[in-house]
Amino acid sequence: MNSWSIELSEKEFQAFSDLVHQKAGINLHSGKKQLVRARLATRIRSLKLGTFSQYYDYVINDHKGDELVLLLDSISTNLTQFFREPKHFDFMAEKFLPELAAARLKSDQRQIRVWSAGCSTGEEPYSIAITLLDNLSSFTGWDIKILATDLSTRVLGVARQAVYAEERVRDIPAATMRKYFQAGRGDWSGCFKVKDAVKKLVVFRRLNLMDPLPFSNPMDLIFCRNVMIYFDKKTQGELVDRLYQSLAKDGYLFIGHSESLTGVKHSFKYVQPTVYRK
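Focus on the overall build of the chain
The number of helices and strands found in the chain is 11 helices and 10 strands. For 278 residues, the compact-globule estimate of 2.2 N^0.38 gives 19 Å, and the chain sits close to it at 20 Å. Along the first, second and third principal axes, the C-alpha atoms of the chain reach 65 × 55 × 30 Å. In the chain, which comprises 278 residues, the proportion classed as buried is 47%. Contacts in the chain between residues far apart in sequence, at least 24 positions, make up 75% of those at least 6 positions apart. Here the chain has roughly 14,200 Å² of accessible surface; of this, 50% comes from carbon and sulfur atoms. Of the charged side chains in the chain, 40 are positive and 31 negative, and the gap between their average positions amounts to 3 Å.

Listed below in structure tokens is the structure:
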């Protein structure tokens, strides 16, 4: 039987929707039914199963949880680009970094911690790293770490490789390209690799945002952009509270321009659209 022709019943869709919400906090409303059908059919075909119910049982009975990871990979949407929503990077350069550098130099603590939550294929954390390198008055002696997390193991593999096709870097200024990217040759012709000076600042980890966070020291800046749009209001509130607890005093949170904390109970101070401060 061709798995692409299998129908996803309302009952089956609701079962997957409930499972994904329980495990990852993602809200799969009825408008996502055809997307879920198309993407999970690929897994059904590869496993030589016949129905969505059989696949659901397969996921539930995989006690290692590997298939659940693949299920969540399948339904994750990962749309990103370098320096997406550029006003955030302007804010970093013009407001966040001067403030932080002045405070840290005064106390002789040259440490910066940034978290890219929902980092997708790596363009966001590498953009953060480039912005830091370009705007710290003296990079020497700074202890910089960018934690980049995502639910999808697939996109994290791409991010760690740090190789991007020409169309993915086309809008980056030529001077930035020369400084931070290396042109591919031979089989890699037409691709560009992020240089080690940038890569070494970023640590990639798989993280379900509903799970315990993999760090205890507070972050100075959190990018959590275009992530909350997948969550219902209750889950958004729980996540925003966790983000607040994860920030250092006076730390900043950036959210996506399609998102808002309106209607979400929180303790952040509003700074400007999509920018909040603890």
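Details of unusual backbone geometry
With a phi angle near 55°, serine 120 is a residue other than glycine that sits in the positive phi range. With respect to the element layout, serine 120 can be found in the loop between strand E1 (111–117) and helix H6 (123–135). Accessibility expressed as a relative area gives 5% for serine 120, which makes it buried.

Thoughts on the sheet that holds strand E7 (residues 219–223)
Reading across the sheet, the 7 strands line up as E6-E2-E1-E7-E8-E10-E9 and stay open at both edges, with mixed pairing between neighbours. On the outer flanks of this sheet lie strand E6 (202–206) and strand E9 (269–272), each paired with one strand and no other. Ignoring which end each strand starts from, the neighbouring axes of this sheet average 20° apart. Strand direction decides the pairing type here: E1 and strand E2 (residues 143–150), joined by 7 bridges, are parallel. Pairing of arginine 113 across the sheet is with lysine 145, part of E2.

Some thoughts on the nonpolar core
Judged by nonpolar contacts, the single largest core of 42 residues is most densely connected at Leu71, Trp115 and Leu253. Ranked by residues supplied to this core, first place goes to helix H1 (residues 10–24) with 5 residues.

Digging into the side chain of threonine 176
Within the secondary structure, threonine 176 sits in helix H9 (residues 174–180). Excluding residues that lie within four positions of it along the chain, threonine 176 makes contacts with Ile130 and Phe181.

Re the packing of aromatic side chains
Each aromatic ring pair is summarised here by two numbers: the centre-to-centre distance and the angle between the ring planes. Within this structure, the stated rule accounts for 16 aromatic pairs. Aromatic pair phenylalanine 223 and phenylalanine 254: ring centres 4.9 Å apart, planes at 75°, arrangement edge-to-face. With phenylalanine 223 in strand E7 and phenylalanine 254 in strand E8 (residues 247–254), this pair connects stretches of sequence that are 31 residues apart. We note that phenylalanine 223, like phenylalanine 254, is buried. With centroids separated by 5.8 Å and ring planes inclined at 75°, the aromatic side chains of tyrosine 270 and tyrosine 276 adopt a geometry described as edge-to-face. Relative accessible area serves as the criterion here: at 54%, tyrosine 270 is assigned to the exposed category. The class for tyrosine 276 is buried, based on a relative accessible area of 8%. What links up through ring pairs into an aromatic cluster is the set Phe83, Phe89, Phe91, Phe96, Phe223, Tyr252 and Phe254. Taking NZ or CZ as reference, lysine 278 lies 4.8 Å from the ring centre of tyrosine 244, over its face.

Points about the packing of helix H3 (residues 52–60) against helix H4 (residues 66–75)
Two numbers describe how H3 lies on H4: the axes approach to 7 Å, and their chain directions differ by 125°. Of the possible angle classes, the one that applies to H3 and H4 is oblique. Contacts between H3 and H4 involve Tyr55, Tyr58 and Val59 from the first element and Glu67, Leu68 and Leu71 from the second. Its residues assigned to classes, the contact of H3 with H4 comprises 5 nonpolar, no polar and 1 charged.

Rules of the game
- Residues numbered from 1 in each chain as written.
- Predicted model: local features only at pLDDT ≥ 70, side-chain atom pairs only at ≥ 80, totals over all residues.
- Heavy atoms only, no water.
- Helix = DSSP H or I, 4+ residues; strand = E, 2+ residues; numbered from the N terminus.
- Rg over C-alpha atoms; globule rule 2.2 N^0.38 Å.
- Buried < 20%, exposed > 50% of the residue type's maximum accessible area, 1.4 Å probe, protein only.
- Contact = heavy atoms within 4.5 Å.
- Areas by Shrake-Rupley, 256 points an atom, 1.4 Å probe, with all protein chains shown as cover.
- Lys, Arg positive; Asp, Glu negative; His and termini not counted.
- Charge placed at Lys NZ, Arg CZ, Asp CG, Glu CD.
- Pairing = 2+ DSSP bridges.
- Axes fitted to C-alpha atoms, helices over the stretch in contact; angles between N-to-C directions.
- Core = buried A, V, L, I, M, F, W, Y, C linked by side-chain atoms within 4.5 Å.
- Phe/Tyr/Trp six-rings, centres within 6.5 Å; stacked < 30°, edge-to-face > 60°.
- Lys NZ or Arg CZ within 6 Å of the ring centre and 35° of its normal.
- Parallel < 35°, antiparallel > 145°, perpendicular 65-115°, else oblique.
- Nonpolar A, V, L, I, M, F, W, Y, C, P; charged D, E, K, R; others polar.

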